[in-house]
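Architecture and fold: a report
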Amino acid sequence: MPIPISRLSVRPQGRRASSGWALLAVIAAAGFVLALAAGRASAAPEEDGYRLWLRYVPVDSEWLARYRASATELIGTDASPTLRAAQAELLRGLTGLLGPPPRVTADVTQDGAIVLGTPTSSPLVKSLSLGLQRVGAEGYAIRTVTVQGHSATVIAANTDIGVLYGTFAFLRLLQTREPVAHLDIISSPRIQRRVLDHWDNLNGSVERGYAGDSIWKWETLPEHLSPRYTDYARACASIGINGTVLNNVNATPYILTPLYLQKVAALAGVLRPYGIKVYLSVPFSAPVTLGKLQTADPADPRVQAWWTAKVAEVYRDIPDFGGFLVKANSEGQPGPRDYGRTQAQGANVLARALAPHGGIVMWRAFVYTTGVHSEDRARQAYDTFKPLDGKFADNVLVQVKNGPIDFQPREPFHPLFGALPHTHLMLELQVTKEYLGQRTSIVYLGPLFTEALRADTWAKGAGSTVARVIDGSLYGEHLTAIAGVANIGSDRAWCGSIFNQANWYAFGRLAWDPDLSARQIAAEWVRMTFTNNDSFVAPVVKLMMASREAAVDYMTPLGLASQMAAGTHLGPGPWVAPSGNMPPDWSSTYYSRADADGIGVDRTATGSNAVAQYSPHVASEYESLASCPENLLLWFHHLSWDYRLRSGDTVWDSLVRHYDRGVAAVKQARNTWSTLSPYVDSQRYRMTADFLAIQEKDAEWWRNASIAYFQSISHRPLPARAAPPPDTLAHYEAFCIPYVEGSPGRSPGCAPADVAVPR
Ligand code: GCV
């Protein structure tokens, strides 16, 4: 287990190592020798996943001499907590990777020096010409230069946080075995606010969290600052995440009470050196529930005054507070519509209070009216927000999910991305796998995230991608942001499984640079999380890259969506129909529209006409059966079971083939993993092998239940060589899991008699 960085003292800069640093060096060097010895033994040392991708294990002899020659001494600075963190991380990384730490000195005295700093904190950096005018406020330069006749690597930035980001980038090069002798790297983030949204409740539970309880231990804050908070900050900073919304969007007003604001301030203090701003989710009704006003009407001056005073109080405790995230008029949350006001009027009342302090509002577009039957829920956000374009205050971002419904395995991009040129838009991705197998399934989300970012809205012609909308380049925006719903909990392995960590990693890397490829990110992650051995990296990257499509195949192929079990969203529930109090758009049948004639939702001009919410180019692509991508076909079209796809298969046959293909891909992943035990410690190997076994059962369950249900409607025979489901539809319909992590209470309608073993 690593020593949490928070327990390591950071020595003031000087010519000779102080005793604290010397001790650190001895501990680290001893660890290195032990680790190296263990590495030579047949089994890799046990790991529990706590160290994520920041393991810093010894590099193999092939690279050791080369890297050591590029890390002989360190010229750092401890002028700020952030620079101290950068220097400490570099020492920690280098000692883990290379053995004895480099000497910490004030001047370059030999080849292979590493220089850290900004022009303000380091006269040496100031004297060099590094191209820092190109890196902006958070970027960095890593360059090999000659200083006093010696070759040195300079990690420099305009700001302290840029130096920390550069430090992590340099360590990543070593961890992934890239050459470092001749570096000329300039990097800066494309998106300004790169935020994790925690759906963590103040009682310690996490909505849609599959990694244990919340990592925030509210009851022991502010006095006790778990070292884990610092390690969380390190992990976030290592991938450039610079904001965190601490609490659930289904928010409670308690978060704004003096008791909790103290706790929030304490967390902000831990996260600050790592460049992470704290944000809070707030309920729109707080002026009533907390302020004891009669109303939360945004037009009421008393409400406005209340928000102004509350925001001032927040900033007294947390001077660099980021702002508010708001879910309004959605799934029972209060909002401006309760007072006959628009979403923009609601957002702006908070924005006005935050503006003098530099705070922002992230106002969610996930607005729909539960319980009111609408012909097509996919239309609702656009219909609500399109008329409000240009009406939001300048410090408001409208936070839009990647697709129009809700983080499904596959959705088309959200039409709002092409429709609000006068509104700051941010993208919301879900890192936690609510609809994608939750804790146990391996579903690498890099391909889903890049698909969303690269979708072309055609708002200003070809190339108007979602990435260019949210990075501000399409409309020249000055306020840009992206959010990922966090998958982090108190589990030792942070994310509930080792492979779920890759999704946290991928979110951060893409938030920094949306043009990175999912494959490259997977490869980096595998190398840092496991090993650089290509016999391991290649098959695991392949497995990861295939995993999202496999899940789409066995859950919701051909553009189907929302076929999961009600409430928990774990496992299949294609038969879930509106009943009792359940709104139609919370049922599966509303989304499949399967009937004797066919399957799929007609969102063309003959149906709900949701296609018209896209730019004409995209709308005509989706509208026409000839050009609609096959993987979105049933999203946009209601097709006969016998309709022939481009492959020549009928819709029905193709559906069955996809389910089978998904199951086969999971079996293949399991086989691949079973050959890889020589490269992984047994703890992480076993956990992954066991979870893949669960995933295989889940995939078969999905396949069998879906075929049993849809065949009861299509009345078509199975295509050749497709095996019939081993059980009856009644069996699958009755089966349920009573308690599911991340879902409060017992699963709706799950009676003890229904709890069996699925087949
Ligand atoms: C936080 C879906 C989820 C809810 C979530 C909601 C949202 O409906 O099932 O748990 O609530 O999305 O994004 O607000």
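Residues numbered from 1 in each chain as written. Predicted model: local features only at pLDDT ≥ 70, side-chain atom pairs only at ≥ 80, totals over all residues. Heavy atoms only, no water.

1. Observations concerning the overall build of the protein chain
Formally: Helix and strand definitions follow DSSP, with helices as H or I runs of at least four residues and strands as E runs of at least two, each counted in order from the N terminus. Atoms counted for the radius of gyration: C-alpha only. Globule rule: 2.2 Å times residue count to the power 0.38. A 1.4 Å probe rolled over the protein chains alone gives each residue an accessible area, and that area as a share of the maximum for its type sets the label: buried under 20%, exposed over 50%, partly exposed in between. The contact rule is simple, with two residues in contact once any of their heavy atoms fall within 4.5 Å.
Summing up its helical and strand segments, the protein chain has 22 helices and 16 strands in all. By the compact-globule yardstick of 27 Å for 759 residues, the protein chain fits well, its C-alpha radius of gyration being 27 Å. Taking the principal axes of the C-alpha coordinates as reference, the protein chain spans close to 80 × 70 × 50 Å. Within the span of the protein chain, comprising 759 residues, buried residues form 61% of the whole. Residue pairs at least 24 apart in sequence account for 73% of intrachain contacts in the protein chain once pairs closer than 6 positions are excluded.

2. Considerations on the sheet that holds strand E2 (residues 103-104)
Here is the rule: Two strands make a pair as long as DSSP finds a minimum of two bridges between them. Fitting a line to C-alpha atoms yields each axis, with helices limited to the stretch in contact; the angle taken between N-to-C directions then spans 0 to 180 degrees.
Pairing in this open sheet of 6 strands is mixed, and the strands run E2-E1-E3-E5-E4-E6 from one edge to the other. The outermost strands of the open sheet, each flanked by one partner alone, are E2 and strand E6 (184-187). Here strand E1 (residues 73-75) runs beside strand E3 (residues 113-117); their pairing, made up of 3 bridges, is parallel. The partner of Leu74 across the bridge, within E3, is Ile114. Relative to the sheet, helix H5 (residues 160-175) contacts E3, strand E4 (140-147), strand E5 (150-156) and E6, its axis offset from that of E4 by approximately 75°.

3. A look at the sheet that holds strand E8 (residues 243-245)
Spatial ordering of the closed barrel is given by E7-E8-E9-E10-E11-E12-E13-E14, a layout of 8 strands whose pairing is parallel. Direction aside, the axes of adjacent strands within the sheet are offset by 25° on average.

4. Considering the pairing of strand E12 (residues 396-401)
Counting buried positions along E12 gives 6 out of 6 residues, so the element sits mostly inside the fold. Burial of the side chains of E12 extends over both faces: Val396, Val398 and Val400 are buried on one face and Leu397, Gln399 and Lys401 on the other. Of the pairings in the sheet, the one linking strand E11 (residues 360-364) to E12 comprises 4 bridges and is parallel in character. Within the sheet, the bridge partner assigned to Met362 lies in E12 and is Leu397. By the bridge criterion, 5 bridges tie E12 to strand E13 (residues 424-430) in an arrangement that is parallel. In the sheet register, Leu397 faces E13, and the bridge partner there is His424.

5. Focus on helix H16 (residues 534-555)
Every α-helix carries 3.6 residues per turn, so stepping three or four residues along brings you back to the same face. Applied cut-off: For a helix, the expected span equals 1.5 Å multiplied by the number of residues minus one. Note on bend: the value at a residue is the angle between axes fitted to the seven residues ending there and to the seven starting there. Counted as a polar contact is a pair of N or O atoms within 3.5 Å, where, for protein atoms, one must be capable of donating a hydrogen and the other of accepting one, and residues adjacent in sequence contribute only when both atoms are in side chains.
For H16, built from 22 residues, the straight-helix expectation of 32 Å at 1.5 Å per residue is met to within 8% by its first-to-last C-alpha distance of 32 Å. The largest bend along H16 measures about 35° and falls at Ser547. The opening residue of H16 is Asn533, an N-cap whose side-chain oxygen sits 2.9 Å from the backbone nitrogen of Ser535.

6. Description of the packing of aromatic side chains
We apply this condition: Centre distance within 6.5 Å is the pairing criterion for rings of Phe, Tyr and Trp, where only the six-membered ring of Trp is used; planes under 30 degrees apart are then read as stacked, over 60 as edge-to-face, and the remainder as tilted. Any Lys NZ or Arg CZ that is within 6 Å of a ring centre and within 35 degrees of that ring's normal is treated as a charge sitting over the ring.
All chains considered together, the criterion is met by 37 aromatic pairs. Relative to Trp363, the ring of Phe284 lies with its centre 6.0 Å away and its plane at 85°, an arrangement referred to as edge-to-face. Pair noted here: Phe284 is in the loop between strand E9 (277-281) and helix H8 (286-289) and Trp363 is in strand E11, with a separation of 79 residues, a long-range link. Comparing Phe284 with Trp363, the two get one shared label, buried. Taking the ring centre of Tyr590 as reference, the NZ or CZ of Arg593 above it sits at 4.7 Å.

7. Observations concerning the environment of Ala353
With respect to the secondary-structure elements, Ala353 resides in helix H10 (residues 343-354). Separated by 49 residues in sequence, Ala353 and Gln304 have C-alpha atoms that sit 7.6 Å apart. Sequence-distant contacts of Ala353, that is, excluding residues within four places in its chain, are made with Trp307, Thr308 and Val311.

8. Digging into the state of the cysteines
The condition that has to hold: To count as a disulfide, a pair of cysteine sulfur atoms needs to be within 2.5 Å.
One pass over the structure, following the stated rule, counts 1 disulfide. Disulfide partner of Cys736: Cys750, at an S-S distance of 2.1 Å. Taking the torsion about the sulfur-sulfur bond, which here is approximately 85°, the covalent link between Cys736 and Cys750 counts as right-handed. You can see Cys736 sitting in the segment after helix H22 (729-734) and its partner Cys750 sitting in the segment after H22, a full 14 residues away along the chain. We classify Cys736 as buried; its relative accessible area is 14%. Lacking any disulfide linkage, Cys495 is separated from the closest cysteine sulfur, that of Cys236, by 9.9 Å. When its relative accessible area of 2% is taken as the criterion, Cys495 is described as buried.

9. Notes on the side chain of Thr650
Considering the arrangement of structural elements, one finds Thr650 in the loop between strand E16 (639-640) and helix H20 (651-674). If we ignore the near neighbours within four places in the chain, the residues touching Thr650 are Trp641, Asp642, Tyr643, Arg644 and Leu645.

10. Considering the pattern of salt bridges
Selection criterion: Think of a salt bridge as a Lys or Arg side-chain nitrogen and an Asp or Glu carboxyl oxygen that are within 4 Å of each other.
Going through the model one piece at a time under the given rule, you end up with 38 salt bridges. A salt bridge links Glu434 to Arg208, with the shortest nitrogen-to-oxygen separation between them at 3.2 Å. Of this pair, Glu434 sits in the loop between E13 and helix H12 (446-454) while Arg208 sits in the loop between strand E7 (193-197) and helix H6 (227-238), and the two are 226 residues apart along the sequence. Arg208 shares its class with Glu434; the two are buried. For Glu331, the salt bridge is made with Lys327, and the minimal N-O distance between the two is 2.8 Å.

11. Regarding helix H7 (residues 258-271)
Spanning 14 residues, H7 covers 20 Å between terminal C-alpha atoms, matching the ideal 20 Å at 1.5 Å per step. If you follow the buried residues of H7, they end up packed against H6, E8, E9 and helix H9 (301-317).

12. Regarding the side chain of Thr77
Along the chain, Thr77 turns up in the loop between E1 and helix H3 (81-98). On the basis of relative accessibility, which here comes to 9%, the residue Thr77 falls in the buried class. Within the structure, Thr77 has its side chain in polar contact with the backbone nitrogen of Ala79 (distance 3.1 Å).

13. A word on the nonpolar core
Cut-off, in case you're wondering: The term nonpolar core refers to a set of buried residues drawn from Ala, Val, Leu, Ile, Met, Phe, Trp, Tyr and Cys, joined through side-chain atoms within 4.5 Å.
Phe170, Trp307, Trp363, Trp504 and Trp673 are the most contacted members of the largest nonpolar core, which has 229 residues in total. Looking at which element gives the most residues to this core, the answer is helix H21 (residues 682-714), with 12 residues.

14. Examining the pairing of E11
Heads up, the rule is: Think of it like this: strands point away, you trace from the first strand over the helix to the second, and a clockwise trace means the crossover is right-handed.
Along E11, 5 of the 5 residues are buried, which leaves the element largely enclosed by surrounding structure. Residues Ile360, Met362 and Arg364 line one face of E11 and the alternating positions Val361 and Trp363 line the opposite face, and both faces are buried. Bridge count between strand E10 (residues 323-326) and E11: 4 bridges; the pairing is parallel. Across the sheet, the residue bridging to Val326 is Trp363, located in E11. The handedness of the E10 to E11 crossover, carried by H10, is right-handed.

15. Some details on the packing of H3 against H5
Let me state the cut-off plainly: Every angle not falling under 35 degrees, over 145, or within 65 to 115 is termed oblique; those three ranges are roughly parallel, roughly antiparallel and roughly perpendicular. Residues are grouped as follows: Ala, Val, Leu, Ile, Met, Phe, Trp, Tyr, Cys and Pro are nonpolar; Asp, Glu, Lys and Arg are charged; all remaining types, including Gly, are polar.
Where H3 contacts H5, the axes come no closer than 8 Å and their chain directions differ by 10°. Classed by the angle they form, the pair H3 and H5 counts as roughly parallel. Only Asp160, Ile161, Val163, Leu164, Thr167, Phe168, Phe170, Leu171, Leu174 and Gln175 of H5 make contact with H3, whose side of the interface consists of Thr82, Leu83, Ala85, Ala86, Glu89, Leu90, Gly93, Leu94 and Leu97. For the contact of H3 with H5, the residue count by class is 13 nonpolar, 4 polar and 2 charged.

Bear in mind that shape data such as this cannot, by itself, settle questions of function.
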